[in-house]
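# Coordinate inspection notes
Each chain is listed here by its residues.
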Amino acid sequence: MAPAEGPGAKKGILDRLDSGEVVIGDGSFLLTLEKRGFVKAGLWTPEAVVEHPNAVRQLHMEFLRAGADVLQTFTFSATEDNLESKWEDVNEAACDLAREVADRGDALVAGGICETSLYKYHKDEARIKNIFRLQLEVFARKNVDFLIAEYFEHMEEAVWAVEVLKEVGKPVAATMCIGPEGDMHGVTPGECAVKLVQAGANIVGVNCRFGPWTSLQTMKLMKEGLRATGLQAHLMVQSLGFHTPDCGKGGFVDLPEYPFGLEPRVATRWDIQKYAREAYNLGIRYIGGCCGFEPYHIRAIAEELAPERGFFPPASEKHGSWGSGLTMHTKPWIRARARREYWENLHPASGRPFCPSLSKPDV
Ligand SMILES: [Zn+2]
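Residues numbered from 1 in each chain as written. Predicted model: local features only at pLDDT ≥ 70, side-chain atom pairs only at ≥ 80, totals over all residues. Heavy atoms only, no water.

Defined as follows: UniProt positions are given in the numbering used here, feature names are shortened, and annotations may be inferred rather than shown by experiment.
Named according to an unreviewed UniProt entry, the chain is Betaine-homocysteine methyltransferase 2 originating from Nannospalax galili. Recorded under Pathway (unreviewed entry), the UniProt text for the chain is reproduced unchanged: "Amino-acid biosynthesis; L-methionine biosynthesis via de novo pathway; L-methionine from L-homocysteine (BhmT route): step 1/1."

Right under this line is the structure:
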């Protein structure tokens with residue numbers, strides 16, 4: 001079934017991007033709901049959609065209020081191999097929750113799949129594609145607006161995912177969780193982007209594993225790769241909400257602080273405004289976040305790009321650009337912080353005198 005048409009129907013993802021609009025993605029679910037007590041670290045699966053739907057609904061609502069134009073179904077690793085008999089209920093409930101909240105605003109619902117745990121051991125194309133196809137059937141039945149293949153560290157598996165997602169005729173975005181060094185087999189970001197577009201992806205980029213600055217470096221390489229072959233695609237970035245300049249090829253999972261000690265690395269809202277601006281200047285028009293990216297980070301993207309978009313998100317009612325709300329503060333030295341230069345040039349302290357500023361990755 002095609003998306004509803006006619007007056008009041010939402011503009012689709014490709015219409016938005018083709019007309020030059022900035023599309024703001026959403027942020028962290030697994031790591032955020034783990035901290036709130038609804039997800040167990042390790043397998044990182046999203047049973048919370050059936051066990052604690054209010055927790056998932058609330059987080060969707062926070063991202064929508066912060067300015068997200070896309071709500072992704074909370075279906076990360078929600079496959080038959082990870083969830084056994086529960087997989088279908090989880091995917092259905094995740095689609096219903098995302099749709100319910102998206103329809104309170106102008107947001108679109110994206111059905112999301114990610115890499116399997118099988119590819120590393122068995123490069124069984126038919127079996128892996130069948131896992132993707134099962135989730136896709138639920139997304140098609142629930143009529144999501146478009147599809148995202150995200151968090152792939154092997155280019156070949158990402159291409160398989162795109163090939164499957166293309167089967168139902170909806171727009172497809174594909175993001176890899178790679179850094180500037182490329183995928184796990186040394187395929188460069190530029191080559192990855194080219195292969196994904198050739199497989200049919202309409203939107204390509206990176207998500208997760210690396211912080212804002214590293215992710216933008218990788219995006220630059222993807223963009224150059226596409227340009228060199230004359231291919232056209234929309235660009236998308238959904239970085240971590242953590243700073244990871246010391247990561248190796250595998251990204252934040254190799255840091256000693258992963259996953260329970262990452263707090264000192266959290267990006268400030270001002271870091272994320274800079275990320276949004278640099279992403280925009282690089283030509284990226286789908287800008288969001290992944291693990292560690294909280295609703296206030298999404299609001300920071302929406303505030304930085306408000307001049308281009310022409311509006312602020314609802315959550316800005318409680319903020320005000322560049323700390324302007326502080327003009328109401330009773331203490332004069334804090335009132336003096338209600339200005340852009342102050343926050344833009346701040347070097348926040350970690351508060352941990354014996355902490356190194358960088359770690360040595362385990363791998
Ligand atoms: Zn992530």
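## As for the UniProt feature "domain: Hcy-binding" (unreviewed entry) in the chain
Applied cut-off: Secondary structure elements follow DSSP: runs of H or I of four or more residues count as helices, runs of E of two or more count as strands, with numbering from the N terminus.
When the UniProt feature table is mapped onto this chain numbering, "domain: Hcy-binding" (unreviewed entry) sits at residues 11-305. Counted over residues 11-305, helix gives 44% and strand 13%. Its end C-alpha atoms are 19 Å apart.

## Details of the packing of helix 6 (residues 87-102) against helix 7 (residues 125-141)
Two measures define how a pair of helices packs: the angle their axes make with one another and the distance between the axes. Just so we agree on the cut-off: For helices, the fitted axis covers only the stretch in contact; all axes are lines through C-alpha atoms, and the angles between them, taken along N-to-C directions, range from 0 to 180 degrees. Rotating anticlockwise by less than a right angle from the far helix to the near helix defines a left-handed crossing, while the corresponding clockwise rotation defines a right-handed one. Here, two residues are considered to be in contact whenever any of their heavy atoms come within 4.5 Å of each other.
Where helix 6 contacts helix 7, the axes come no closer than 10 Å and their chain directions differ by 35 degrees. Relative to helix 7, helix 6 is oriented so that their crossing is right-handed. Packed against helix 6, whose contacting residues are Trp87, Glu88, Asn91, Glu92 and Cys95, the element helix 7 presents Leu134, Gln135, Val138, Phe139 and Arg141 at the interface.

## Topic: the nonpolar core
For the record, the criterion: Side-chain atoms within 4.5 Å are what join buried Ala, Val, Leu, Ile, Met, Phe, Trp, Tyr and Cys residues into a set we call a nonpolar core. Relative accessibility thresholds used throughout: buried, under 20% of the residue-type maximum; exposed, over 50%; partly exposed, between the two (1.4 Å probe, protein chains only).
Membership of the largest hydrophobic core comes to 103 residues, with the highest contact counts inside it found for Phe74, Leu196, Val237, Phe252, Ile284 and Ile301. For this core, the leading source of residues is helix 6, giving nine residues. Leaving out residues up to four positions away in the same chain, Leu196 has contacts with Ala158, Val159, Val162, Ala174, Met176, Ala201 and Val204.

## Comments concerning the environment of Val56
Residue placement: Val56 occurs in helix 4 (residues 53-66). According to the relative accessible area criterion, Val56 is buried, its value standing at 1%. It is 8.1 Å that separates the C-alpha atoms of Val56 and Phe29, two residues lying 27 residues apart in sequence. Setting aside residues no more than four positions away along its own chain, Val56 makes contact with Phe29, Leu33, Ala48, Val49, Phe74 and Leu97.

## Things to note about the layout of surface pockets
The line we're drawing: Lining residues are defined by having an atom within 4 Å of a point belonging to a cavity or pocket. Those points lie on a 1 Å grid over the protein atoms alone, cavities being sets where a 1.4 Å probe fits but cannot get out and pockets being open sets with protein on both sides within 12 Å along at least five of seven lines. Grid points are joined across faces, edges and corners, and a volume is the space filled by probe spheres set on the points. In the scheme used here, Gly and all other residues not listed as nonpolar or charged are polar, with Ala, Val, Leu, Ile, Met, Phe, Trp, Tyr, Cys and Pro taken as nonpolar and Asp, Glu, Lys and Arg as charged.
Taken as a whole, the largest pocket holds about 910 Å³ of empty space. Along the walls of the largest pocket sit 30 residues, with His243, Pro264, Val266, Asp271 and Pro348 positioned nearest its centre. For the lining of the largest pocket, the secondary-structure elements that each account for two or more residues are helix 11 (269-281) and helix 15 (340-344). Its residues assigned to classes, the lining of the largest pocket shows 13 nonpolar, eight polar and nine charged. Empty space within the second largest pocket amounts to approximately 720 Å³. Taken together, 38 residues form the lining of the second largest pocket, with Leu30, Trp44, Phe76, Ser77 and Tyr151 sitting closest to its centre. Of all elements in the fold, only helix 2 (30-35), helix 5 (80-83), strand 3 (108-114) and strand 4 (146-152) reach the threshold of two or more residues within the lining of the second largest pocket.

## Observations regarding the pattern of salt bridges
For clarity, the threshold we go by: A side-chain nitrogen of Lys or Arg and a carboxyl oxygen of Asp or Glu constitute a salt bridge if their distance falls within 4 Å.
All chains considered together, the criterion is met by 23 salt bridges. Among the salt bridges present, the one from Lys11 reaches Glu21, with a minimum N-O distance of 2.6 Å. Here Lys11, found in the segment before helix 1 (13-18), pairs with Glu21, found in the loop between helix 1 and strand 1 (23-24); they are 10 residues apart in sequence, far enough to count as distant. We classify Glu21 as partly exposed; its relative accessible area is 31%. Among the salt bridges present, the one from Asp96 reaches Lys142, with a minimum N-O distance of 3.0 Å. Of this pair, Asp96 sits in helix 6 while Lys142 sits in the loop between helix 7 and strand 4; the two residues are 46 residues apart in sequence, bridging distant segments of the chain. Judged by its relative accessible area of 39%, Asp96 falls in the partly exposed class. The exposure class assigned to Lys142 is partly exposed, which follows from its relative accessible area of 29%.

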